Amino acid sequence: MIRNILGSVVALAGAASAVLSPFRDWYAGRAGQDYRLEDLFGGITAAESGVMVSILLPFLAAALLVIVGVVLRSRLVVALAGLVVLGFTILWMVRQGQAAGSLVVAGDGSGLQVGVVNALAGGLLMLIGALLMSGRGRRGRRSRREREPVEPYAAPAADQVDTWPPTQEPGMSVQTSPWPEPEVDPYTGPDPRDPRTRSYPQSPHPEDDPRDPVHPPHRPPPPPPQG
């Protein structure tokens, strides 16, 4: 967040510098707005130019790109705007050098002037702002990941070990409860005192029943004698 804010401020400052540069002198007392945009491709002439068809036009487009890039937090768009400003400024320098025979920097205002410096500084500030911005790629991926529905755990297949709910080790699922688990009495066979099950076969030695070696069943009392 801090990097995006800092990069946005630097990029916007570069856009402001680039847009203001055509209103200042560029070469030998001639303002940047006096250079026609078509002269950058066909050669510098002495013809005057309207403001909206001058070199100001690509700088306005670059400033618009910076605003869009800041809103979208797109480093690529901001960097593209900086390249546009630097590209048109360097192209003007090439054409001006061809027209004047050479480019000079003179203190009396007969050479390159402050408008060119503002344009170059604006393009560089845009590139620096793009480098400072962190962008939104990672955050966007994280947001999409957070919005994805979380699939519940699927129940295990019938031929797999019971691990439901999922645990680190196979086995019966661990159920936590503040109350002790009830103990179930082992089955000791039919009750000889019940007339419905009296005829069922009985175990000859119930105390030797291996099904519950910790709590062996007690031998049922003998049935009362039949009078």
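Look up: the structure comes first, before these words.
Bear in mind the structure is a predicted one, so any value in this text is a computation, not a measurement. (Residues numbered from 1 in each chain as written. Predicted model: local features only at pLDDT ≥ 70, side-chain atom pairs only at ≥ 80, totals over all residues. Heavy atoms only, no water.)

Draft legend 1. Spatial organisation of the overall build of the protein chain. The secondary structure content of the protein chain amounts to 6 helices and 2 strands. Listing each helix as α and each strand as β along the protein chain from the N terminus yields α-β-β-α-α-α-α-α. Across the 227 residues of the protein chain, 30% fall into the buried class. When the accessible surface of the protein chain is split by element, carbon and sulfur atoms take 63% of a total near 15,600 Å². (Helix = DSSP H or I, 4+ residues; strand = E, 2+ residues; numbered from the N terminus. Buried < 20%, exposed > 50% of the residue type's maximum accessible area, 1.4 Å probe, protein only. Areas by Shrake-Rupley, 256 points an atom, 1.4 Å probe, with all protein chains shown as cover.)

Draft legend 2. Local environment of the packing of aromatic side chains. On inspection of all chains with the given rule, the structure shows 5 aromatic pairs. For the ring pair tryptophan 26 and phenylalanine 59, a centre distance of 6.2 Å and an interplane angle of 25° mean the geometry is stacked. Note that tryptophan 26 is positioned in strand S1 (residues 25-27) and phenylalanine 59 in helix H3 (residues 56-72), a separation of 33 residues in sequence. On the accessibility criterion, tryptophan 26 (0% relative accessible area) is buried. Classification of phenylalanine 59 as buried rests on a relative accessible area of 0%. In this structure an aromatic cluster arises from ring pairing among Trp26, Tyr27, Tyr35, Phe59 and Trp92. Over the ring of tyrosine 35 we find arginine 30; its NZ or CZ atom is 4.3 Å from the centre of that ring. (Phe/Tyr/Trp six-rings, centres within 6.5 Å; stacked < 30°, edge-to-face > 60°. Lys NZ or Arg CZ within 6 Å of the ring centre and 35° of its normal.)

Draft legend 3. Summary view of the nonpolar core. Core analysis: the biggest nonpolar cluster contains 27 residues, and Trp26, Val66, Trp92 and Met126 have the highest contact counts within it. Listed by contribution, the elements that provide at least two residues to this core are helix H1 (2-20), S1, H3, helix H4 (75-100) and helix H5 (114-132). Top element by residues in this core is H3. It accounts for 6 residues. (Core = buried A, V, L, I, M, F, W, Y, C linked by side-chain atoms within 4.5 Å.)

Draft legend 4. Quick look at a nonpolar patch on the surface. Together, Leu12, Leu64, Ile67, Val68, Val71 and Leu72 make up a nonpolar patch on the protein surface, roughly 540 Å² of accessible area in all. Here the nonpolar patch takes 5 residues from H3, the largest share from any one element. Considering the arrangement of structural elements, one finds leucine 64 in helix H3. (Patch = residues over 30% accessible without salt bridge, like charges linked within 9 Å, V, L, I, M, F, W, Y side chains within 5 Å. Salt bridge = Lys/Arg side-chain N within 4 Å of Asp/Glu carboxyl O.)

Draft legend 5. Fine view of H1. In this model H1 runs 27 Å from its N-terminal to its C-terminal C-alpha over 19 residues, within 8% of the 27 Å that 1.5 Å per residue would give. Among the residues of H1, Asn4, Gly7, Ser8, Val10, Ala11, Gly14, Ala15, Ser17, Ala18 and Val19 are the ones counted as buried. (Expected span 1.5 Å × (residues − 1).)

Draft legend 6. Here's a closer look at the side chain of serine 54. In this fold, serine 54 is placed in the loop between helix H2 (39-42) and H3. Ignoring any residue separated from it by four or fewer positions in sequence, one finds serine 54 in contact with Gly32, Gln33, Tyr35, Arg36, Leu37 and Ser49. (Contact = heavy atoms within 4.5 Å.)

Draft legend 7. Spatial organisation of the environment of glycine 29. Residue position: glycine 29 is located in the loop between S1 and strand S2 (30-31). With 84 residues separating them in the primary sequence, glycine 29 and glutamine 113 have C-alpha atoms 7.8 Å apart.

Draft legend 8. Quick peek at the environment of alanine 63. Looking at the secondary structure, you find alanine 63 in helix H3. A relative accessible area of 12% means that alanine 63 is categorised as buried. In sequence terms alanine 63 and alanine 15 are 48 residues apart; their C-alpha atoms lie 4.9 Å from each other. When neighbours within four sequence positions are excluded, alanine 63 is seen to be in contact with Ala15 and Val19.

Draft legend 9. Just the pattern of salt bridges, in detail. Per the stated rule, a full pass over the model turns up 2 salt bridges. Its salt-bridge partner being glutamate 38, residue arginine 36 comes within 2.9 Å of it at the nearest N-O pair. Residue classification places arginine 36 among the partly exposed positions, given a relative accessible area of 23%. Overlapping salt bridges bring together Arg36, Glu38 and Asp39 as one network.

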